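# Structure assessment
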Amino acid sequence: MASVGPSSDEKNEAKEINTKRQSLVNQHSQNEHHFHKVGIPPRQKLFKEFASTFKETFFADDPLRPFKDQPQSRKLVLGIQAIFPILEWGRSYNLKKLKGDLIAGLTIASLCIPQDIGYAKLANLDPQYGLYSSFVPPLIYAFMGSSRDIAIGPVAVVSLLLGTLLQNEIDPTKNPVEYRRLAFTATFFAGITQVTLGFFRLGFLIDFLSHAAIVGFMGGAAITIALQQLKGFLGIKKFTKKTDIISVMHSVWGSVHHGWNWQTIVIGASFLAFLLFAKYIGKKNRKFFWVPAIAPLISVVLATFFVYITHAEKHGVQIVKNIEKGINPSSVKEIYFTGDYLLKGFRIGIVAGMIALTEAIAIGRTFAAMKDYQLDGNKEMVALGAMNVVGSMTSCYVATGSFSRSAVNYMAGCQTAVSNIIMSFVVFLTLEFITPLFKYTPNAILSSIIISAVIGLIDYDAAILIWKIDKLDFVACLGAFLGVIFASVEIGLLIAVAISFAKILLQVTRPRTAILGKIPRTAVYRNIQQYPDAKKVPGILIVRVDSAIYFSNSNYIKERILRWLRDEEEQLKAAYLPQPQIKSLLVEMSPVTDIDTSGIHALEELHKSLQKRDVQLVLANPGPVVIDKLHSSGFANLIGEDRIFLNVAEAVSSCSPKLVEEV
């Protein structure tokens, strides 16, 4: 059978395709030496540039935007609502929201009352001061705070930190009045610190304490708090004032034959098992969230009743004894505004205020993300600071957001900050009418409640995840953890801050650099370690700098680039490949967000070093800030404006057009 040739239509179609292809080739040939010039941004006036930078640094969230184009009367209303958000959301408050807040408020009140009594003991204060701190501060926060879910009151970590720092200055047993006054002074300055950070919009400072360091610090503090509770849990009367694990264990085992009380141990162990079982039920089924929330109050009631009817206090079981009846007395005159203790209270207050702030902001952001609403961190700081300043004047010590209570508040269906008002009202009723009933409450049950509460602060999953993601982060986590356990809370905190800063300094002073290669059949250049099939362009070394170039890292970047060049030349010599030597060193600058005078000086030195090697320095894709400074300094003229390209592909095409086609 004879073969059939192509039809006339097919011939015409093939001819048309060939014509278009030839046209594209000719167009490419005409444009192959035409490259886009890197744009130089228009120069801004000095004041305008400073104002823009200042706004982005301190007012990135544009807080004055709602006031724009508003009449004076409206601006006044908006200003008052900004200070007291309750006036804004309160207008849409209804019975449905009240129902959710009422249930949530009663639930967290049942949890906070026994916890507050125990946390006050952690701070070496009388039990009523824990209750005071869950009465006034939540009321202030409800009017000024912007979080709908956070539950305010004393927390374990801050209580332990405050107690440890205060007893280093004053013995709470020998001088209880001076100790209490110093506690109020520290609380006052903790509030002042928080208000200052919020008012001057310096909230970003708390972000310097990394998540990994916080995980380690919280885990170590949880174990330290649990170990401290062994005094009440075992009925030991003489116990070390140190918090490190070695001293605590020595104190515990040193009194095993004459200091332990078996009746106390039975009470503590029984109710601890009950509390842990209640937490297990709540975790297993979220419908039963109220079980672990109400379990501490049930435990206190049952344990108190048991001790009362059996007179266990006569058999060595230590009890709370007396809790003063009535609401918070004024403590304005007890704050040290002069004398030696002023500076000590100021120093302790700054540390306690920062830790309390870190915990509260983290909790607030977590629940705001879960409910999809915005949380103004600076407003939160002002609200938290104001409540602690007022609290210090009404016999309260440092209060903040509690994660366990906030979680219960959220699961109980809270709608607004009114749940804090409900909780505060229940605490008020407790202080006025119920405190005498706590007289026979055994210390062992308070220890059990605290142990069960702080167990949740040990986040094993987060630590494992940190190990998997970033080993250096894990070092920060482990350092903070071990510092708290084997030294003290303040040493652990110092280690956490030091390692966090060390990591920042390491990343700034030793930024990453990478060798780029061309991915086959594309004009894309990527890291050859990440993309093994990316090919180096013969005669050109392409280096990417993954950081801004400042005085702290400019010398390192220069030396690292030269080392890349030496390594590449040595590899070419060792391989005996018929490839040309390196003629151009191309620096990909898209990740370089900024450069200072030291950075430009380093580039000048790099240019001189490359000239001696007969290697051309080429730059690709510098950002607007960088290209502006390169032109202002004259460096662009030094290397030649025709050596600065829009992207790597154009730079390579200009330096070696034939070789790049081969690659």
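Residues numbered from 1 in each chain as written. Predicted model: local features only at pLDDT ≥ 70, side-chain atom pairs only at ≥ 80, totals over all residues. Heavy atoms only, no water.

Now for the overall build of the chain. Broken down by element type, the chain carries 28 helices and 8 strands. Each of the three principal axes of the chain carries a C-alpha extent, and together these read 110 × 80 × 65 Å. A buried classification covers 48% of the 663 residues belonging to the chain. Taking contacts inside the chain between residues at least 6 apart in sequence as the whole, the part at least 24 apart equals 81%. On the chain, roughly 34000 Å² of surface is accessible, and the fraction owed to carbon and sulfur atoms is 61%. Measuring between centres, the 67 positive side-chain charges of the chain sit 6 Å from its 53 negative side-chain charges. (Helix = DSSP H or I, 4+ residues; strand = E, 2+ residues; numbered from the N terminus. Buried < 20%, exposed > 50% of the residue type's maximum accessible area, 1.4 Å probe, protein only. Contact = heavy atoms within 4.5 Å. Areas by Shrake-Rupley, 256 points an atom, 1.4 Å probe, with all protein chains shown as cover. Lys, Arg positive; Asp, Glu negative; His and termini not counted. Charge placed at Lys NZ, Arg CZ, Asp CG, Glu CD.)

A separate point is the nonpolar core. Core analysis: the largest hydrophobic core is formed by 84 residues, its most contacted members being Leu162, Phe217, Ile225 and Ile355. Apart from residues no more than four positions distant in its own chain, Leu162 is found in contact with Tyr179, Ala186, Ile348, Ala352, Tyr397 and Val398. Core analysis: the next-biggest nonpolar cluster, separate from the first, contains 32 residues, Leu562, Trp564, Val592 and Val626 among them. (Core = buried A, V, L, I, M, F, W, Y, C linked by side-chain atoms within 4.5 Å.)

Let us now look at a nonpolar patch on the surface. Side chains of Phe204, Leu205, Phe208, Val497, Phe501, Ile504 and Val508 sit close together on the surface and give an oily, nonpolar patch of about 490 Å² of accessible area. One can find Phe208 in the loop between α9 (176-199) and α10 (211-228). (Patch = residues over 30% accessible without salt bridge, like charges linked within 9 Å, V, L, I, M, F, W, Y side chains within 5 Å. Salt bridge = Lys/Arg side-chain N within 4 Å of Asp/Glu carboxyl O.)

Turning our attention to the confidence of the model for the chain. The predicted model of the chain averages 90 in pLDDT, with 93% of residues at 70 or higher. In this model residues 24-32 is a low-confidence stretch, pLDDT under 50, and it forms 1 contact with partners more than four residues away in sequence or in other chains. (pLDDT = per-residue confidence, 0-100.)

As a further point, take the packing of helix α21 (residues 471-486) against helix α22 (residues 489-509). Between α21 and α22, the least distance of the axes is 7 Å, while the angle of their chain directions is 165°. Taken together, the axis directions place α21 and α22 in an arrangement best described as roughly antiparallel. Along this stretch, α21 crosses α22, giving a crossing that reads as right-handed. Every residue of α22 that contacts α21 at Leu472, Asp473, Val475, Ala476, Gly479, Ala480, Gly483 and Val484 is listed here: Val489, Ile491, Gly492, Ile495, Ala496, Ile499, Lys503 and Leu506. (Axes fitted to C-alpha atoms, helices over the stretch in contact; angles between N-to-C directions. Parallel < 35°, antiparallel > 145°, perpendicular 65-115°, else oblique. Left-handed = near helix turned anticlockwise from the far one by under 90°.)

Take the side chain of Asp376 next. Turning to its location among the elements, Asp376 is positioned in the loop between α15 (340-371) and α16 (377-392). Within the structure, the side chain of Asp376 is placed 3.1 Å from the backbone nitrogen of Asn378, a separation counted as a polar contact. (Polar contact = N/O pair within 3.5 Å; in protein donor to acceptor, adjacent residues only side chain to side chain.)

For the rest of this paragraph, the subject is the packing of α9 against α16. Describing two packed helices takes the angle between their axes plus the distance from one axis to the other. Two elements in contact, α9 and α16, have axes whose closest approach is 7 Å; the angle formed by their N-to-C orientations is 160°. As summarised for this structure, α9 and α16 are arranged roughly antiparallel, according to the angle between their axes. Both α9 and α16 take part in a crossing whose hand is left-handed. Here Phe184, Thr187, Phe188, Gly191, Ile192, Gln194, Val195, Leu197, Gly198 and Phe199 of α9 lie close against α16, whose contacting residues are Asn378, Met381, Val382, Leu384, Gly385, Ala386, Asn388, Val389 and Ser392.

This part covers the domain arrangement of the chain. By domain assignment, the chain separates into domain 1 (12-43 + 510-662) and domain 2 (87-460). For domain 1 and domain 2, the distance between their C-alpha centres works out to 58 Å. (Domains from an automatic or database assignment.)

Right, let's talk about the environment of Ile350 for a bit. Among the structural elements, Ile350 can be located in helix α15. Overall, the relative accessible area of 31% leaves Ile350 in the partly exposed class. A C-alpha to C-alpha distance of 8.4 Å links Ile350 and Gln194, two positions 156 residues apart in sequence.

We now examine helix α13 (residues 262-284). The α-helix advances 3.6 residues per turn, and as a result positions three or four apart in sequence lie on the same side. Helix length check: α13 (23 residues) gives 33 Å between terminal C-alpha atoms against 33 Å at 1.5 Å per residue, within 8%. Along its buried surface, α13 packs onto α11 (230-234), α14 (290-310) and α19 (443-454). Backbone nitrogen of Gln263 and a side-chain oxygen of the N-cap are separated by 3.2 Å at the start of α13; the cap is Asn261. (Expected span 1.5 Å × (residues − 1).)

It is worth spelling out helix α18 (residues 418-434) at this point. A rise of 1.5 Å per residue sets the reference length of α18, with its 17 residues, at 24 Å; its end C-alpha atoms lie 23 Å apart and thus fit the reference within 8%. Among the residues of α18, Val418, Ser419, Asn420, Ile422, Met423, Ser424, Val426, Val427, Thr430 and Leu431 are the ones counted as buried. Its buried side turned inward, α18 meets α4 (86-89), α5 (95-122), α6 (127-132), α7 (136-144), β1 (152-153) and α17 (403-411).

The subject of this paragraph is the packing of aromatic side chains. According to the stated counting rule, one finds 16 aromatic pairs in the structure shown. Seen in terms of ring centroids, Phe135 and Phe428 are 5.8 Å apart; in terms of plane orientation they differ by 25°. Their pairing is stacked. Taken together, the residues Phe135 in the loop between α6 and α7 and Phe428 in helix α18 connect sequence positions 293 residues apart. Judged by relative accessible area, Phe428 falls into the partly exposed class, the value being 24%. Where Phe199 meets Phe200, the ring centres are 5.2 Å apart and the plane angle is 90°; that geometry is what we call edge-to-face. (Phe/Tyr/Trp six-rings, centres within 6.5 Å; stacked < 30°, edge-to-face > 60°.)

For the structure shown, the criterion picks out 3 cavities of 30 Å³ or more. Considered as a void within the structure, the largest cavity measures approximately 50 Å³ in volume. Of the residues belonging to the lining of the largest cavity, the class tally is 4 nonpolar, 1 polar and 2 charged. (1 Å grid on protein atoms, 1.4 Å probe; cavity = no way out; pocket = protein on both sides within 12 Å on 5 of 7 lines; lining within 4 Å. Points joined across faces, edges and corners; volume = space filled by probe spheres on them. Nonpolar A, V, L, I, M, F, W, Y, C, P; charged D, E, K, R; others polar.)

Spatial ordering of the open sheet is given by β4-β3-β5-β6-β7-β8, a layout of 6 strands whose pairing is mixed. Across the chains shown, the open sheet's two edge strands, defined by having one partner strand only, are β4 (525-527) and β8 (644-645). Pairing analysis gives 2 bridges linking strand β7 (residues 616-620) to β8, with the strands arranged parallel. When the sheet's bridge partners are listed, Ala620 is paired in β8 with Phe645. (Pairing = 2+ DSSP bridges.)

One non-glycine residue, Arg201, lies in the positive phi region at around 55°. Structurally, Arg201 can be placed in the loop between α9 and α10. Even without glycine at this site, His311 takes up a positive phi of about 50°. Locating His311 in the fold gives a position in the loop between α14 and α15.

By the secondary structure assignment, Asp101 is in helix α5. Buried within the structure, Asp101 lacks any salt-bridge partner; its nearest side chain of opposite charge belongs to Lys371, at an N-O separation of 7.3 Å. In terms of polar contacts, Asp101 uses its side chain to reach the side chain of Tyr93, at 2.6 Å. If we ignore the near neighbours within four places in the chain, the residues touching Asp101 are Tyr93, Gly413, Cys414, Gln415, Thr416, Val418, Ser419 and Ile422.

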